[in-house]
Amino acid sequence: MSLISFENVVKDFDGRKVLDGLSFSVEKGEILAIVGPSGTGKSVTLKHIVRLLTPDSGRVTVDGVDVSECSSRQLRAIRRRVGYLFQGGALLAWKTVEENVALPLKECDCLPDDKIDRRVEAALAAVELSDAAEKFPAEISGGMQKRAGLARAIVRESDVVLYDEPTSGLDPVTSVTINSLIKKLNRKLGITSVVVTHDLQGALAFADRILLLKEGKAVECSTPAEFAASENPAVREFLSAMKGEMQ
Amino acid sequence: MSFIREVGRTTRVMIASIFAFPTVLRSRDSRADFAVQLYKTGIGTLPVVTVVSLFTGMILALQVGLELRRFNQEMYLGAAVMITLIREMAPFSCGMCLAACVGSAIAAELGTMKVNDEIDALEIMSISPIRYLAVPRILALVVMAPLVAFFCCAIGTLGGGIVGSTQLGVNFEQYMSSAMSMAEPKDLFVGLLKALVFGLVIGTVSVAQGMGTSLGATGVGRATQRSVVVSFLMILMLGYMITRVFYR
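So, here's what we can say about the structure. (Residues numbered from 1 in each chain as written. Chains lettered and ligands numbered in written order. Predicted model: local features only at pLDDT ≥ 70, side-chain atom pairs only at ≥ 80, totals over all residues.)

## With respect to the sheet that holds strand β8 (residues 192-196) of chain A
Within a beta sheet, neighbouring strands are joined by backbone hydrogen bonds and run either parallel or antiparallel to one another.
All names here are of chain A.
Link 1 in the chain: Overall, mixed pairing links the six strands, which are arranged β6-β7-β8-β3-β9-β10 in an open sheet. Lying at the two open borders of the sheet, with one neighbouring strand each, are β6 (82-85) and β10 (217-222). Along the sheet, successive strands turn relative to each other by an average axial angle of 15 degrees, direction set aside.
Link 2 in the chain: In the sheet, strand β3 (residues 31-35) pairs with strand β9 (residues 209-214) via four bridges, with the strands oriented parallel. (Pairing = 2+ DSSP bridges. Helix = DSSP H or I, 4+ residues; strand = E, 2+ residues; numbered from the N terminus. Axes fitted to C-alpha atoms, helices over the stretch in contact; angles between N-to-C directions.)

## A short note on the nonpolar core
Link 1 in the chain: Within the largest apolar cluster, 136 residues are counted, with the highest numbers of intra-cluster contacts made by Ala151 and Leu162 of chain A together with Cys94 and Ala145 of chain B.
Link 2 in the chain: Residues within four places of Cys94 of chain B in sequence aside, it is in contact with Val49, Ala145, Val148, Ala149, Cys152 and Ala195 of chain B. (Core = buried A, V, L, I, M, F, W, Y, C linked by C-beta atoms within 7 Å. Buried ≥ 20, exposed ≤ 12 C-beta atoms within 10 Å, placed from the backbone. Contact = placed C-beta atoms within 7 Å.)

## Brief notes about the interface of chain A and chain B
Link 1 in the chain: With 15 residues of chain A at the interface, the matching set in chain B holds 13 residues.
Link 2 in the chain: Considering each element in turn, the side of chain A that touches chain B owes the most residues, five residues, to helix α3 (residues 97-109) of chain A.
Link 3 in the chain: By residue class, the composition of the side of chain A that touches chain B is nine nonpolar, one polar and five charged. (Nonpolar A, V, L, I, M, F, W, Y, C, P; charged D, E, K, R; others polar.)

## Some details on the sheet that holds strand β1 (residues 4-13) of chain A
All names here are of chain A.
Link 1 in the chain: Strands sit in the order β2-β1-β4-β5 across an open sheet of four strands; the sheet is antiparallel. Looking at which strands have only one partner, the edges of the open sheet turn out to be β2 (16-26) and β5 (65-66).
Link 2 in the chain: Here β1 pairs with strand β4 (residues 57-62) via five bridges, running antiparallel. The residue of β4 that forms the bridge with Ser5 is Thr61.

## So, the environment of Pro112 of chain A
Residues and elements named next belong to chain A.
Link 1 in the chain: Within the fold, Pro112 resides in the loop between α3 and α4 (113-126).
Link 2 in the chain: Judged by the 9 C-beta atoms lying within 10 Å of it, Pro112 falls in the exposed class.
Link 3 in the chain: Sequence spacing of Pro112 and Glu27 is 85 residues, and the spatial spacing of their C-alpha atoms is 34 Å.

Pasting the structure below:
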């Protein structure tokens, strides 16, 4: 059974169908990159997995549990397993990096202070941010904010991490660092990852499979090698558009 | 339709927050945040509140005093100023100051958090934004509003006394004794009750507007503006209703 599955999901915003019968699945331990032009529903897809949005029709399941129909207790259990990295990091401005990372442990898991400290240290070390632990979000760069957000996403030892544009607005060097971090966390901790990205080069390098969305539908889902060689006109069009953008 | 939706959302925030009030003392973080909010609401607004209430009392004393002088009744100036302040003007000006200074800041802060995905991030971590963000802010307003209103009343009365003694020839001691003799415990109770209700309404409206923000920076501006306008209107309407209930 797949860990995450979308079955014919439809989502409409003010008469505009953003997801139009979307179906795909994510296997345990894999990295799935979701790519596609802007406005095709990539971030909307991600938000359905943790019920920040609910589908108008269709089903989204995590480990067999229907996310939109489940009880609040089941939803808490699902969210407990899922870390989410937002585009801007979504760190609380009045807390230091360390306090931001410790937040879910303090507020939800009610762990003793020494255990929280150990877990926070380990999460910050995993994203190579130990030096910035006592800084406030406004005092660190965009890339560091994303890494801090990632530390917060993995500090509860989540087995799934959802990444929403982890490299957007970052320079190429920092983008490579973040991409290799995604891969490292997946290989080292066995974290299942769903990555929404515009960075096709990065996706080809770190993903196990790439899903191309077009007009709210999945038009291709294949390994990076198959994706690059695909004869699907939508893939060819997307690849040539990306190539043009890079040139 | 959207008006009904807004009322529904605000009511939901109010009910959920009231039920979650006891949780503010549960964790160290919540207690610390509550203390910060108490400071911002109480001490942070004192300069504005002092100026507003001082001049409210002075204007009131001047207008009422000039009329009383026509009938040689200046000795009742203190009573007139005190009763007007304690029943109406103190909670009213306190409400206006809190809506403008604190409510708008809450709506802007939570609105910015909403558009930056910080509120969604809390939800995903299973941290209730109502418990973590709304309760400390609303409860601080509920606790501090009556105290600020009482302070408004004291400063306003003092301002009235200054005008009475310097411009209307009313002895300050006579003014104060007239003020203290006419005010009843019921007036104080109603004034403080009004302030408490205003605090709850300002907090709830501001939190609901902030958390309901969409459309980026424009949305934050709109939420801030709406929180102030809706709070002002609610203060006026509820002020009348409470007066109607207690003074028939």
